[in-house]
Amino acid sequence: LGGRDGNGIHDTVERAVILRNADAPVAKGEAVTGTGTLGAGTWYYKVSAVLSDGDPDNKAGETLPSDEVIVTLSQAGSIKLTWPQVTVNGMAAAKYRVYRTDAPNGTSQTEHLIDEATGLEYTDMGKAAGTKKPRGRAQGKGTTPCGNFC
């Protein structure tokens, strides 16, 4: 209990919030042809919710990501993702993070952050992927232990 740092002795305990699979968004995707610069092939996505600053347990925290959404484009175009509102502790999510593989026909479970959305849909027109990965999520029988990002 407690500890010591450069400011003195601590007599409090802080506990990590356990993230629940039930709080993750349930995302769906569809191919849109005629607009966008995404190359033809299979794309992998995940969506997570970012909680509000007022959340009592996980202030501005991120939920676990959705199950992987897999969409195949037969020609260059865009992909539209949708999801229902996520509510945690009676509060709606403040925004959503969208993760995608870096290239078509990429490797499943290697998504990186591409953008944030404040609504309940996002159309990926071909924005470059970043380097942040979504939090770990139980996969099949095992789990992936991660901090904020793997």
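Note that the structure is a prediction, hence the values are computed from the model and not measured.

**Q** Help me understand the sheet that holds strand S10 (residues 112-117) in this model?
**A** Adjacent strands of a sheet pair through backbone hydrogen bonds, lying either parallel or antiparallel. Taken in spatial order, the four strands make up an open sheet running S5-S4-S9-S10, and their pairing is antiparallel. Looking at strand neighbours, the two that pair on one side only are strand S5 (69-73) and S10, the edges of this open sheet. Pairwise comparison of adjacent strand axes, ignoring direction, gives a mean angle of 30° for this sheet. Strand direction decides the pairing type here: strand S4 (residues 41-50) and strand S9 (residues 95-100), joined by six bridges, are antiparallel.

**Q** Honestly, the pattern of salt bridges in this entry has me stumped. Any pointers?
**A** Where charged atoms of side chains with opposite charge meet at close range, the side chains can pair. Counted according to the given criterion, the structure contains seven salt bridges. In this structure, Asp 124 and Arg 100 form a salt bridge, with 2.7 Å as the shortest nitrogen-oxygen distance. Pair noted here: Asp 124 is in strand S11 (residues 121-124) and Arg 100 is in strand S9, with a separation of 24 residues, a long-range link. Take Asp 124: its relative accessible area is 0%, and that puts it in the buried class. Here Asp 115 ties to Lys 127 by a salt bridge, and the two come within 3.5 Å at their closest N and O atoms.

**Q** Even after reading the chapter, I still don't get the sheet that holds strand S3 (residues 28-38), so can you show me in this structure?
**A** Spatially, S3-S6-S11 is the arrangement adopted by the three strands of the open sheet, whose pairing is antiparallel. If you trace the sheet from one side to the other, it starts and ends with S3 and S11, each paired once. Here the strands of the sheet are splayed against their neighbours by 20° on average, with no regard to which way each runs. Two elements, S3 and strand S6 (residues 77-82), share seven bridges in a ladder whose sense is antiparallel. Bridge pairing links Gly 29 to Leu 81 in S6.

Calculation rules
Residues numbered from 1 in each chain as written. Predicted model: local features only at pLDDT ≥ 70, side-chain atom pairs only at ≥ 80, totals over all residues. Heavy atoms only, no water. Pairing = 2+ DSSP bridges. Helix = DSSP H or I, 4+ residues; strand = E, 2+ residues; numbered from the N terminus. Axes fitted to C-alpha atoms, helices over the stretch in contact; angles between N-to-C directions. Salt bridge = Lys/Arg side-chain N within 4 Å of Asp/Glu carboxyl O. Buried < 20%, exposed > 50% of the residue type's maximum accessible area, 1.4 Å probe, protein only.

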